[in-house]
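Chain by chain, the residues:
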Amino acid sequence: VMIMKDLARAAALVVVAGAVLPSAATGQPAPGPVEPGPVRILITYSSRTGHTAALAKAVEEGALRHVGTLVTLKPVAEVSCAELKVADALVVGSPVYWSNMSAEVKAFFDRFTTECGFLPPAFPMRDKVGAAFVTGGEVSSGKEVALLTILAAMLGNRMIVVSEGQALGATATTGDGKAPLAPEALDEGRRLGARVVAVALDLKRGRAVIR
Ligand SMILES: Cc1cc2nc3c(=O)[nH]c(=O)nc-3n(C[C@H](O)[C@H](O)[C@H](O)COP(=O)(O)O)c2cc1C
């Protein structure tokens, strides 16, 4: 009970710190806690035979667990520079091709520079939340390497990367490709989508209070 009371007091102090200081300066009534706008999440993928697209849909379902989230879900080839710029979070999915991201997903990241002009020192993707998901034919044949190549491209853009599902992101094993994704894999995707939005929302709230 004591801990709960302390936590409540600490939370009240945080709100007071954000609200009372401006009013002391202006003489105006203290504003309430700031609610940031909705999180915009861009979920994008490449998929030749539909499995990675199915996992992307599960990521979308997870993101929508947070009411009000604005989701854009589309193949990498259709994403514009403007869509990248306005997103608070970017989740990228790829089939595992020779233990790496697919060439289409690599081309997507290359467009950040060649088409969108995302270069140092500005890094327009800086501090956006990033995460990855992959599908691969075999249980252990490069999924983690493929996830890392996606996360590395995000880190290069100074994004804040997070994971959920497995250690490095959400994954599905597709075998001969004839069966739909396993329920466990779809659940990994949903949990990844939900976590990305939760972190992006926390960051937005923090920035709203600081400003
Ligand atoms: C060119 C190529 C390379 C592949 N390399 C791998 C691999 O290294 N490891 C693996 O587990 N699966 C590999 N696969 C299988 C795909 O990753 C798998 O079928 C995937 O689920 C396909 O996704 P999609 O249905 O979204 O196209 C490869 C498939 C292709 C076509």
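These remarks concern the structure in this document. Since we're looking at a predicted model, the values are computed, not measured.

As a structural note, the neighbourhood of the ligand is formed by 17 residues, with Ser47, Thr49, Thr52, Val96 and Thr135 the closest of them. Residue Thr135 places a side-chain N or O atom 2.7 Å away from an oxygen atom belonging to the ligand. Separating a nitrogen atom of the ligand from a backbone N or O atom of Gly137 is a distance of 3.0 Å. Summarising the interface, the protein chains cover 80% of the accessible area of the ligand, which totals 640 Å² for the free molecule. Only α2 (51–63) and β4 (129–136) provide two or more residues apiece to the shell around the ligand. Here the residues of the shell around the ligand sort into 4 nonpolar, 11 polar and 2 charged.

As paired elements, strand β1 (residues 40–45) and strand β2 (residues 70–75) share 6 bridges and run parallel to each other. Looking at the pairing, Ile41 lines up with Val71 of β2. Assessed by its sense of winding, the connection that carries the chain from β1 through α2 to β2 is right-handed.

Scanning the entire structure with this criterion turns up 4 aromatic pairs. Considering the side-chain rings of Phe109 and Phe112, the 5.3 Å spacing of their centres and the 55° angle between planes classify their relative orientation as tilted. Taken together, the residues Phe109 and Phe112, both in helix α4 (residues 103–114) and 3 residues apart, mark about one turn of the helix. Taking relative accessible area as the criterion, Phe112 reaches 1% and is therefore assigned buried. Ring centres 5.6 Å apart and planes at 70° place the aromatic pair Phe112 and Phe118 in the edge-to-face group. A single burial state applies to Phe112 and to Phe118, both of which are buried.

Applying the stated criterion to the full structure yields 1 disulfide. A sulfur-sulfur separation of 2.2 Å characterises the disulfide bridge that pairs Cys81 with Cys116. Around the S-S axis, the bridge from Cys81 to Cys116 shows a dihedral of about -80° and counts as left-handed. Of the two residues, Cys81 sits in helix α3 (residues 81–86) while Cys116 sits in the loop between α4 and β4, which places them 35 residues apart along the sequence. When its relative accessible area of 15% is taken as the criterion, Cys81 is described as buried. Owing to a relative accessible area of 12%, Cys116 belongs among the buried residues under this scheme.

Before going further, it helps to examine the pattern of salt bridges. Enumeration according to the criterion identifies 9 salt bridges in this entry. A salt bridge links Asp110 to Lys106, with the nearest nitrogen and oxygen atoms 3.1 Å apart. Residue Asp110 and its partner Lys106 are both found in helix α4; the two are separated by 4 residues, about one turn of the helix. Looking at Asp110, the relative accessible area reads 36%, which means it is partly exposed. Classification of Lys106 by relative accessible area gives partly exposed; the value is 40%. The shortest N-O distance in the salt bridge between Arg191 and Asp187 comes to 3.4 Å. Of the two residues, Arg191 and Asp187 both sit in helix α6 (residues 183–210), 4 residues apart, roughly one turn of that helix. Owing to a relative accessible area of 29%, Asp187 belongs among the partly exposed residues under this scheme. Residues joined in a network through salt bridges with shared partners are Glu164, Asp187 and Arg191.

The rules we used
Position labels on residues start from 1 in each chain and follow its written sequence. For a predicted model such as this one, the threshold for reporting local features is a pLDDT of at least 70, and the threshold for listing and counting side-chain atom pairs is 80 or more; totals across whole chains, interfaces and linings nevertheless cover every residue. Each side-chain value is derived from all of the structure's non-hydrogen atoms; neither hydrogens nor water enter the calculation. If even one non-hydrogen atom of a residue comes within 4 Å of a molecule or strand, that residue is called near it. Any N or O atom pair separated by 3.5 Å or less is treated as a polar contact, with the protein-specific requirement of one donor-capable and one acceptor-capable atom, and with residues adjacent in sequence counted only for side-chain atom pairs. Only the protein chains shown count as cover for residues, with accessible areas throughout obtained via the Shrake-Rupley method and a probe of 1.4 Å. For helices the rule is a DSSP run of H or I covering at least 4 residues; for strands it is a run of E covering at least 2, with both sets numbered from the N terminus onward. Each residue gets one label: Ala, Val, Leu, Ile, Met, Phe, Trp, Tyr, Cys and Pro are nonpolar, Asp, Glu, Lys and Arg are charged, and the others, such as Gly, are polar. A pair of strands is labelled paired if DSSP reports no fewer than 2 bridges between them. Crossover handedness is defined here as right-handed if the route from the first strand over the helix to the second strand goes clockwise, with the strands pointing away from the viewer. Aromatic rings from Phe, Tyr and Trp, with only the six-membered ring used for Trp, were paired whenever their centres fell within 6.5 Å, and each pair was classed as stacked if the ring planes differed by under 30 degrees, edge-to-face if by over 60, and tilted otherwise. Accessibility here uses a 1.4 Å probe with only protein chains present; expressed as a share of the type maximum, an area under 20% marks a residue as buried, one over 50% as exposed, and anything in between as partly exposed. Two cysteine sulfurs form what is called a disulfide whenever their separation falls within 2.5 Å. For this analysis, a salt bridge means a side-chain nitrogen from Lys or Arg found within 4 Å of a carboxyl oxygen belonging to Asp or Glu.

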